[in-house]
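Chain residues, written in single-letter form:
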Amino acid sequence: MTHRIAVIPGDGIGKEVMPEGLRALEAAATRFGIDVTLEHFDFASCDYYAAHGQMLPDDWFEQLKDVDAIFYGAVGWPETVPDHVSLWGSLLQFRRRFDQYVNLRPCKLLPGVKSPLADRKPGDIDFYVVRENTEGEYSSVGGRMFEGTEREVVIQETVMTRTGVDRVLKYAYELAQSRPRKKLTSATKSNGIAITMPWWDERVKAVGVNYPQVSVDQFHIDILAANFVMHPDWFDVVVASNLFGDILSDLGPACTGTIGVAPSANINPDGTFPSLFEPVHGSAPDIAGKGIANPIGQIWSAAMMLEHLGHPAASQAIVDAFEAVLGEGDKATLTPDIGGNGTTETLGRAIAERLAG
Ligand code: GGG
């Protein structure tokens, strides 16, 4: 059986880290005898927008719905397309139409990478953020009235549904239950956001009835962010709404030294539609074109994709390979964000060579 994988580099450094993600994927596929067919697409990018006036072709759903997974780079090039147009025109369409309601984002301090937090070593920071991925604060409900006048009014609603919240909580509880610490932390703000968030807390309790082995705590998002910095070792699985989860899953990797290594899986758990794998980082226009972006976020995303496709040994081999290369600490290989003077390609090639054995 071959796995059909849609490859969409997107924008900025997405186009630079994708070749290294594919190099690692192909090395792992060869080593473990996995049959992979790559299908390349140029849409979901601001270059595509410049040529066609939209981020996606009209038949994108038909083109992608039968692939086994989508391997994505990054979206956004604000010089040519406003960020909300590029994001809503591409990635958010994928997440919603393919019902990828879980955004799973591991956060782990890796060997050889220096945390900006004092005295942290690998093993001290190792948790998951589970981000609700199809509703919440990322809603398209709202509008503007009296635009450009003194009476201008702007409203954007937060939308939370019982189906949407319960299913992501269930996923987070099950993940926590499968881990040794069995600990779930819920991000809330039920003192200030006094309708949706107290209800979110109620749903955390209600769904938790089915998971008596999981210990649960909750923090308001402000002190939770502070505790990511002060006590990252407290956390095992953190579940959060769409916006809170987005923020926490940038902050978490920042505490591990660089957001460049952070991967993510946008998962449709029931398998009706393809899931999508992408680094947490965006297109990074400030370093795009320099060839210095860290490719590990893309490579680790390939590992998550292989695990999702039923190849845990190949997935683990990719993780072992980048951990080994990082642990060696060769400055000529590593990218500048982790203290090296190498390039996207030197780091990607070293990882693929390690994988090939
Ligand atoms: N590779 C992820 C990416 O391109 N992120 C851009 C971004 O701003 N994403 C917002 C989001 O994940 O909701």
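Just above sits the structure.
Note that this is a predicted model, so its numbers are computed, not measured.

A.B. asks: Can you help me understand the overall build of the chain in this one?
C.D. replies: Tallying secondary structure elements over the chain gives 12 helices and 12 strands in all. Taken against the 2.2 N^0.38 rule, which gives 21 Å for 357 residues, the C-alpha radius of gyration of the chain at 20 Å falls within 12% of a compact globule. Along the three orthogonal principal directions, the C-alpha set of the chain runs to about 55 × 50 × 40 Å. Counting every position in the chain, which comprises 357 residues, the buried fraction comes to 47%. For the chain, contacts bridging at least 24 residues in sequence account for 75% of all contacts bridging at least 6.

A.B. asks: In this structure, what is going on with the sheet that holds strand β3 (residues 69–74)? I would like to understand it.
C.D. replies: Strand pairs in the sheet, formed through backbone hydrogen bonds, run parallel or antiparallel to each other. Spatially, the 10 strands line up as an open sheet ordered β2-β1-β3-β12-β11-β4-β5-β10-β8-β9, and their pairing is mixed. Two strands lie at the open edges of the sheet, namely β2 (35–40) and β9 (215–220), each paired on one side alone. With direction set aside, neighbouring strand axes in the sheet form an average angle of 25°. Where strand β5 (residues 126–132) lies against strand β10 (residues 237–240), four bridges are found, and the strand directions are parallel. Counterpart to Y128 in the pairing with β10 is V237. Across the sheet, helix α6 (residues 162–178) lies against β4 (102–108), β5, β8 (183–188) and β10, angled at about 165° from β5, the strand it touches most. Packing of helix α9 (residues 242–255) onto the sheet brings it into contact with β4, β5, β8 and β10, and relative to β5 it is tilted by some 155°.

A.B. asks: Would you take a moment to explain the site of the ligand for this structure?
C.D. replies: Near the ligand, the surroundings consist of A74, V75, G76, L87, D246, E278, P279, H281, G282 and S283. Looking at the shell around the ligand, its residues break down into four nonpolar, four polar and two charged.

The rules we used
Residues numbered from 1 in each chain as written. Predicted model: local features only at pLDDT ≥ 70, side-chain atom pairs only at ≥ 80, totals over all residues. Helix = DSSP H or I, 4+ residues; strand = E, 2+ residues; numbered from the N terminus. Rg over C-alpha atoms; globule rule 2.2 N^0.38 Å. Buried ≥ 20, exposed ≤ 12 C-beta atoms within 10 Å, placed from the backbone. Contact = placed C-beta atoms within 7 Å. Pairing = 2+ DSSP bridges. Axes fitted to C-alpha atoms, helices over the stretch in contact; angles between N-to-C directions. Near = placed C-beta within 6 Å. Nonpolar A, V, L, I, M, F, W, Y, C, P; charged D, E, K, R; others polar.

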